[in-house]
Amino acid sequence: MSKINTIEDIDYAGKRVYLRVDYNVVENGKIIDEFRIKQSLPTINKLLASKCSIILASHNGRPDGKPDEMLSLRPVAQALSNLLNKKVGFVDDCVGEEVSQEAHSMKAGELLLLENLRFHEAEEKNNSLFAKSMANLADVYIDDAFANAHRAHASMVGVPKYLPHAAGLLMEKEYNNLNNLLLSPKRPFVAIVGGAKISTKIEVLKSLLKKADTVFIGGAMANTFLQAQGYNIGASMTEVDSIDIAKDVMKIAKDNNVNLILPKDLVVAKSIEDGVDCRTVSIDNIQKDDIALDIGKETMRDLIPIIKKAKTIFWNGTLGYAEINEFAWASKDLAHLMSLRKNKADTIIGGGDTTAFIEKLGMHNRFSFVSTGGGASLELLSGKKLAAIEALRS
Ligand code: ADP
Ligand code: 3PG
Ligand code: MG
């Protein structure tokens, strides 16, 4: 299979670069999280050091092919400018006469951020004329939008057809880290998977069960597993339709000799709200109106020696309803346990909500690698090919 082009494979010095980034970080007109913007800086700085001019392109949100002021990328131009300590221009569109003029009048070292690509339905439809008109803005194409690499959209797979193309430093780092997790993890390899729904994690679970030595299941997902084992889970979130999937996963674990760990105690409450009374109960003691919202201390205690021995630790999916402080303890515990292993094990975190949780704790520097990807990282770890990565092959 042909290799993925990296920056070093193309001649970019002094060129006008179309840099596809994932700045899907604006909600209601405000930046909710700068992590993805910060992670794009190494590529931008490398290009600036080589006297490139850079046209930055990204989608934001799901505007359904129509302009929406609340989803404009304008605030990102300012944030990026603050981070780089350098002017970042902004244009109100991503194609058209004005954009073309702005792009072609750029001088070495200048930056221009285009407006949200998804304001045109042609982006998600992967329209080739739209891709071509964006390609006409630049001399080379660099893709650093790993978090969007599973989307076969015009800016991801169309534009690189018309220009010399390569993966940016973030794309390369994301791909290498997550791919190595599947190809050559150091052992013992522990995977911790939580979150809300099995149905969104089934592929990644099956893939990890082929690679890991231990798989720990937390989050609401664990409820469905417990139900599959015959426990009464009260009023907890579950996916009744996925009980067979849970049984299947347990069988795969057994067949592959994987140590599959489920919670043995849970933090429960009668409602999901800040400050609500909660108690920790054993899994065979859940009352009819109890909602399981976090993993209990005994279960977390069992995890300590396993984490301490592990050489690779991968975590996706919060262990509880971590948006509410009362139910964020197990996830916080796990983050701290993993961070203590930083220099002794590969500690890798992926998933949109999990990464946001880590960012909120201010801990993203305390792991070997925190992915900017949500869906993209899960698809890659499921063993699927990502459309944008394929488009970067030479
Ligand atoms: P990621 O985006 O990192 O892949 P998920 O979206 O799968 O993670 O999971 C995070 C979501 O799971 C959070 O919104 C969290 O509230 C929810 N969650 C975790 N545990 C529970 C639980 N016990 N009950 C309800 N929701 C839960
Ligand atoms: C993400 O945040 O997962 C990516 O930016 C893709 O966004 P999408 O799920 O709206 O396509
Ligand atoms: Mg999520």
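Because the structure is a prediction, the values reported are computed rather than measured.

Within the protein chain one finds 16 helices and 17 strands. The C-alpha atoms of the protein chain give 22 Å as radius of gyration, which agrees with the globular expectation for 394 residues (21 Å, within 12%). Overall, the C-alpha framework of the protein chain stretches about 70 × 40 × 35 Å when taken along its three principal axes. Counting the 394 residues in the protein chain, one finds 57% classified as buried. The contacts of the protein chain with a sequence gap of at least 6 include a subset with a gap of at least 24, amounting to 74%. Charged side chains of the protein chain number 49 positive and 50 negative; the gap between the two group centres comes to 6 Å.

Spatially, the 3 strands line up as an open sheet ordered E13-E12-E14, and their pairing is antiparallel. In this open sheet, the two edge strands, each paired with only one partner strand, are strand E13 (278-282) and strand E14 (291-295). This sheet shows a mean twist of 40 degrees between the axes of neighbouring strands, independent of strand direction. Judged from the 5 bridges that link them, strand E12 (residues 265-269) and E13 form a sheet pairing that is antiparallel. Bridged to alanine 269 within E13 is cysteine 278.

Turning our attention to the packing of aromatic side chains. Counting across every chain of the model gives 2 aromatic pairs. Centroid distance tyrosine 18 to tyrosine 141: 5.8 Å. Interplanar angle 25 degrees. Geometry classified as stacked. Of this pair, tyrosine 18 sits in strand E1 (residues 16-20) while tyrosine 141 sits in strand E7 (residues 140-143); the two residues are 123 residues apart in sequence, bridging distant segments of the chain. Each member of the pair tyrosine 18 and tyrosine 141 is classed as buried. Residues tryptophan 315 and phenylalanine 357 carry aromatic rings whose centres are separated by 6.4 Å and whose planes lie at 80 degrees to one another, so their mutual orientation is edge-to-face. Of this pair, tryptophan 315 sits in strand E15 (residues 312-316) while phenylalanine 357 sits in helix H14 (residues 352-360); the two residues are 42 residues apart in sequence, bridging distant segments of the chain. By relative accessible area, tryptophan 315 is classed as buried at 0%. Residue placement shows lysine 332 over the ring face of tryptophan 329; its charged tip is 4.4 Å from the ring centre.

Here we come to the environment of tyrosine 162. By the element assignment, tyrosine 162 lies in the loop between helix H7 (154-158) and strand E8 (165-167). According to the relative accessible area criterion, tyrosine 162 is partly exposed, its value standing at 35%. Put simply, tyrosine 162 and aspartate 139 are 23 residues apart on the chain and 9.5 Å apart in space, counted from C-alpha to C-alpha. Residues within four places of tyrosine 162 in sequence aside, it is in contact with Ser128, Ala131, Lys132 and Ala135.

Reading guide: rules and limits
- Residues numbered from 1 in each chain as written.
- Chains lettered and ligands numbered in written order.
- Predicted model: local features only at pLDDT ≥ 70, side-chain atom pairs only at ≥ 80, totals over all residues.
- Heavy atoms only, no water.
- Helix = DSSP H or I, 4+ residues; strand = E, 2+ residues; numbered from the N terminus.
- Rg over C-alpha atoms; globule rule 2.2 N^0.38 Å.
- Buried < 20%, exposed > 50% of the residue type's maximum accessible area, 1.4 Å probe, protein only.
- Contact = heavy atoms within 4.5 Å.
- Lys, Arg positive; Asp, Glu negative; His and termini not counted.
- Charge placed at Lys NZ, Arg CZ, Asp CG, Glu CD.
- Pairing = 2+ DSSP bridges.
- Axes fitted to C-alpha atoms, helices over the stretch in contact; angles between N-to-C directions.
- Phe/Tyr/Trp six-rings, centres within 6.5 Å; stacked < 30°, edge-to-face > 60°.
- Lys NZ or Arg CZ within 6 Å of the ring centre and 35° of its normal.

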